[in-house]
Amino acid sequence: MYYFLLILVIAIAVTTIYSLVRGIGWVPTWQKDVERFLRLAEIKPGQVVYDLGCGDGRLVMAAAKLGAKAIGLEVSILPFVGAYSRKIFSGSKAKIKFRDFWLVDLKEADVVYFFLIPRIYEQLKNKLAKELKPGARVIAYVWPIEGWQATTVDKPVGRPAMYLYIR
Ligand SMILES: C[S@@+](CC[C@H](N)C(=O)[O-])C[C@H]1O[C@@H](n2cnc3c(N)ncnc32)[C@H](O)[C@@H]1O
């Protein structure tokens, strides 16, 4: 029991640090901004929607309600367990995967959402440019992608910006 707890604490610490270094820690998109994401995403039933670092899974679960094949990728244990429990208890059809998004090919994606730190944007830009199909929608929360022309900048007063890019 003692060893199990020790391993659990180490695993939580390692995955939390990894997510901080490779992305950003867990800070959720404001619940009232989920509607804005859905508006920009223009999801059609059957479309593939990813949240890169899905936190508690709120965005993919909202997308799944509209009939999307919604996939949340999360590498940190605590938010992953939160998202997975939320999915089970709500009966959501969203998929919550314990994955490093850097290792997932996004070629099937119709919509990619992220709330990540700009420090990794250059690397992320290369990944998206290489993998996304033409017409895929990319939605960034809070920070714009330098060098890409946003199709829409959604910035209500007093709320973080959401940037829509169409590849
Ligand atoms: C700022 S939170 C955003 C959570 C969620 N997308 C939202 O908007 O509510 C960023 C999340 O990305 C996760 N993350 C960071 N790097 C990651 C990686 N390489 N693979 C998967 N998840 C990652 C973090 O653990 C954290 O939960």
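You'll find the structure just up there.
Now for a description of the structure that goes with this document. Quantities reported herein were computed from a predicted structural model and do not represent experimental measurements.

1. What to know about the overall build of the chain
No. 1: Tallying secondary structure elements over the chain gives 5 helices and 7 strands in all.
No. 2: Taken from N to C terminus, the helices and strands of the chain fall in the order α-α-β-α-β-α-β-β-α-β-β-β.
No. 3: Its C-alpha radius of gyration of 16 Å places the chain within 12% of the 15 Å reference for a compact globule of 167 residues.
No. 4: Considering only C-alpha atoms, the chain reaches an extent of 55 × 35 × 35 Å along its principal axes.
No. 5: Buried residues in the chain amount to 37% of all 167 residues.
No. 6: Look at the contacts in the chain between residues 6 or more apart in sequence, and 63% of them connect residues 24 or more apart.

2. Thoughts on unusual backbone geometry
No. 1: One non-glycine residue, E42, lies in positive phi territory at about 45°.
No. 2: With respect to the helices, strands and loops of the structure, E42 is situated in the loop between α2 (34–41) and β1 (48–52).
No. 3: Its identity as a non-glycine residue notwithstanding, V142 has a phi of 80°, on the positive side.
No. 4: With respect to the helices and strands, the residue V142 is situated in the loop between β5 (137–141) and β6 (152–154).

3. Here's the deal with the environment of E146
No. 1: Take E146: it is sitting in the loop between β5 and β6.
No. 2: Looking at E146, the number of C-beta atoms within 10 Å reads 9, which means it is exposed.
No. 3: Considered as a pair, E146 and D105 are 41 residues apart in the sequence and their alpha carbons are 22 Å apart.

4. A short note on the sheet that holds strand β7 (residues 162–166)
No. 1: The strand order β3-β2-β1-β4-β5-β7-β6 describes an open sheet built from 7 strands, whose pairing is mixed. With partners counted over all chains shown, the strands left at the sheet margins are β3 (95–98) and β6, one partner each. Each strand of the sheet is rotated relative to its neighbour by a mean of 20°, with strand direction disregarded.
No. 2: Bridging between β6 and β7 involves 3 bridges; their strand directions are antiparallel. When the bridges of β7 are listed, V153 appears paired with Y163.
No. 3: Packing against the sheet, helix α3 (residues 58–65) makes contact with β1, β2 (69–74) and β4 (111–114), and its axis sits at approximately 170° to β2.

5. A word on the nonpolar core
No. 1: In this structure, V49, Y50, V60, A63, V112 and I139 are the most contacted members of the largest nonpolar core, which totals 40 residues.
No. 2: With 6 residues, the top contributor of residues to this core is α3.
No. 3: Once you skip the residues sitting within four places of it in the chain, V49 turns out to touch A41, I43, V60, A63, A68, A70, D110 and V111.

6. Concerning the packing of α2 against α3
No. 1: At a closest axis distance of 10 Å, the pairing of α2 and α3 adopts a crossing angle of 50°. It follows from the interaxial angle that α2 and α3 lie oblique. In this structure, α2 crosses over α3, and the sense of that crossing is right-handed. Of the residues in α3, those touching α2 at V34, F37, L38 and A41 are R58, L59, A62 and A63.
No. 2: In terms of residue class, the contact of α2 with α3 is built from 7 nonpolar, no polar and 1 charged.

7. So, the pairing of β3
No. 1: Examined bridge by bridge, β2 and β3 share 4 bridges and lie parallel to one another. Paired with I71 across the bridge in β3 is K95.

8. What to know about α2
No. 1: Taken together, the buried positions of α2 are R36, F37 and A41. End-on, the buried residues of α2 take up no more than an arc of 130°, which puts them together on one face.
No. 2: For α2, the elements touching its buried residues are β1, α3, β4, β5, β6 and β7.
No. 3: Following α2 by one or two positions, E42 has its phi on the positive side, about 45°.

Criteria and thresholds
Residues numbered from 1 in each chain as written. Predicted model: local features only at pLDDT ≥ 70, side-chain atom pairs only at ≥ 80, totals over all residues. Helix = DSSP H or I, 4+ residues; strand = E, 2+ residues; numbered from the N terminus. Rg over C-alpha atoms; globule rule 2.2 N^0.38 Å. Buried ≥ 20, exposed ≤ 12 C-beta atoms within 10 Å, placed from the backbone. Contact = placed C-beta atoms within 7 Å. Pairing = 2+ DSSP bridges. Axes fitted to C-alpha atoms, helices over the stretch in contact; angles between N-to-C directions. Core = buried A, V, L, I, M, F, W, Y, C linked by C-beta atoms within 7 Å. Parallel < 35°, antiparallel > 145°, perpendicular 65-115°, else oblique. Left-handed = near helix turned anticlockwise from the far one by under 90°. Nonpolar A, V, L, I, M, F, W, Y, C, P; charged D, E, K, R; others polar. Arc of directions from axis to C-beta.

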